Amino acid sequence: QKEVEQNSGPLSVPEGAIASLNCTYSDRGSQSFFWYRQYSGKSPELIMSIYSNGDKEDGRFTAQLNKASQYVSLLIRDSQPSDSATYLCAGFSGYALNFGKGTSLLVTP
Amino acid sequence: SAVISQKPSRDICQRGTSLTIQCQVDSQVTMMFWYRQQPGQSLTLIATANQGSEATYESGFVIDKFPISRPNLTFSTLTVSNMSPEDSSIYLCSGNVDRGDIQYFGAGTRLSVL
């Protein structure tokens, strides 16, 4: 079973704080990882991809990957109320993405 | 990236009928995927559609219930057949562009079966 685990939340952070979202995966064959943001009633939107161990930064977002620990995280700096959404972690192995159940993030003004 | 147009955006259907969902990509993609997302749940892959070959279905999904067509590299359809209220869900299509592992999603079809 290729599982991707996420804490469902909700994770509540104040505006301007750093939001930290975490994900673990079971398939050591997973080669690449993705974070999608999904607003209520909308489809998933790709926000970050990461392929190698370490950090990858894009604007306010930083993705971190530790393949030895089978751990992926997403940091959102200077969180804004518009960041309130469900964040889906996905791992790619073979031909398809395996999605976690998502973490609900609430950024309070 | 890619723009994926999906229609209808929503529909209300009667039990026992069928609905065909269309997915159009603005560029050629090797593989297209169909997902189902139950309320408050994550995405469950229904099947993978390659052009010129039969779709590959995941465990728990069968071709008779969810027939898929993939006539070319930019278009695919999913039919939900003989619907029951349990089929009420959001159906999403996606395609992989750029690297083979990156997927972009259509806006989804919100299906309600009465």
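What counts and how
- Residues numbered from 1 in each chain as written.
- Chains lettered and ligands numbered in written order.
- Predicted model: local features only at pLDDT ≥ 70, side-chain atom pairs only at ≥ 80, totals over all residues.
- Heavy atoms only, no water.
- Disulfide = S-S within 2.5 Å.
- Helix = DSSP H or I, 4+ residues; strand = E, 2+ residues; numbered from the N terminus.
- Buried < 20%, exposed > 50% of the residue type's maximum accessible area, 1.4 Å probe, protein only.
- Phe/Tyr/Trp six-rings, centres within 6.5 Å; stacked < 30°, edge-to-face > 60°.
- 1 Å grid on protein atoms, 1.4 Å probe; cavity = no way out; pocket = protein on both sides within 12 Å on 5 of 7 lines; lining within 4 Å.
- Points joined across faces, edges and corners; volume = space filled by probe spheres on them.
- Pairing = 2+ DSSP bridges.
- Axes fitted to C-alpha atoms, helices over the stretch in contact; angles between N-to-C directions.
- Core = buried A, V, L, I, M, F, W, Y, C linked by side-chain atoms within 4.5 Å.
- Contact = heavy atoms within 4.5 Å.

Chemist: Which residues make up the state of the cysteines, and what are the values?
Modeler: Scanning the entire structure with this criterion turns up two disulfides over all chains. The partner cysteine of A:Cys23 in its disulfide is A:Cys89, sulfur to sulfur 2.1 Å. On the S-S bond that ties A:Cys23 to A:Cys89, the torsion sits near -70°, and the link is left-handed. You can see A:Cys23 sitting in strand β3 (residues 19–25) and its partner A:Cys89 sitting in strand β9 (residues 85–93), a full 66 residues away along the chain. You'll find A:Cys23 and A:Cys89 in the same group, each marked buried. Disulfide partner of B:Cys23: B:Cys93, at an S-S distance of 1.9 Å. Between B:Cys23 and B:Cys93 the disulfide shows an S-S torsion of about 75°. By sign, it is right-handed. Taken together, the residues span a long stretch of sequence, with B:Cys23 in strand β3 (residues 19–25) and B:Cys93 in strand β9 (residues 89–97) at a distance of 70 residues. Of all cysteine sulfurs, the one in B:Cys93 lies closest to B:Cys13, which takes part in no disulfide; the gap is 17 Å.

Chemist: Hey, could you go over the packing of aromatic side chains for me, with residue numbers and the actual values?
Modeler: Under the defined criterion, the tally for this structure stands at nine aromatic pairs over all chains. Taken together, a centroid distance of 6.0 Å and an interplanar angle of 90° make the contact between A:Phe34 and A:Tyr51 edge-to-face. With A:Phe34 in strand β4 (residues 32–38) and A:Tyr51 in the loop between β5 (45–50) and β6 (54–58), this pair connects stretches of sequence that are 17 residues apart. Overall, the relative accessible area of 22% leaves A:Tyr51 in the partly exposed class. Clustering of aromatic rings is evident, with ring pairs tying together A:Tyr36, A:Phe99, B:Tyr35 and B:Phe105.

Chemist: Quick one: what's the story with empty space enclosed by the protein, residue by residue and with numbers?
Modeler: All names here are of chain A. Using the criterion set out here, one finds one cavity of 30 Å³ or more in the structure. A volume near 30 Å³ is recorded for the largest cavity. Every residue along the wall of the largest cavity is listed here: Lys-2, Glu-3, Val-4, Tyr-25, Ser-26, Asp-27, Ser-30, Gly-91 and Asn-98.

Chemist: Lay out the sheet that holds strand β8 (residues 75–80) of chain B with the relevant residues and their values.
Modeler: Residue and element names in this part refer to chain B. Spatial ordering of the open sheet is given by β1-β3-β8-β7, a layout of four strands whose pairing is antiparallel. Edge positions in the sheet fall to β1 (4–7) and β7 (68–72), since each has one partner strand and no second. Within the sheet, the average angular offset between the axes of one strand and its neighbour, ignoring direction, is 15°. As judged from the four bridges shared by β1 and β3, these two strands associate in the antiparallel manner.

Chemist: Please provide a residue-by-residue account of the nonpolar core, values included.
Modeler: Membership of the largest hydrophobic core comes to 44 residues, with the highest contact counts inside it found for A:Phe99, B:Tyr35 and B:Leu78. The contact partners of A:Phe99, leaving out residues within four places of it in the chain, are A:Val4, A:Tyr36, A:Leu88, A:Cys89, A:Ala90, B:Tyr35, B:Ser42, B:Leu43 and B:Phe105. In this structure, A:Phe33, A:Met48, A:Val72 and A:Ala85 belong to the second largest nonpolar core, which totals 22 residues.

Chemist: Break down unusual backbone geometry for me, citing the residues and quoting the values.
Modeler: Here the residue pair A:Gly9 and A:Pro10 is connected by a cis peptide bond, since its omega of 10° sits within 30 degrees of zero. Its place among the elements puts A:Pro10 in the loop between β1 (4–6) and β2 (11–14). Following B:Lys7, the chain continues to B:Pro8 via a peptide bond in cis, the omega torsion being 0°. If you trace the backbone, B:Pro8 turns up in the loop between β1 and β2 (10–13). One non-glycine residue, A:Gln70, adopts positive backbone phi at about 55°. In this fold, A:Gln70 is placed in the loop between β7 (61–66) and β8 (71–76).

Remember, this is a structural readout, not a statement about activity or role.
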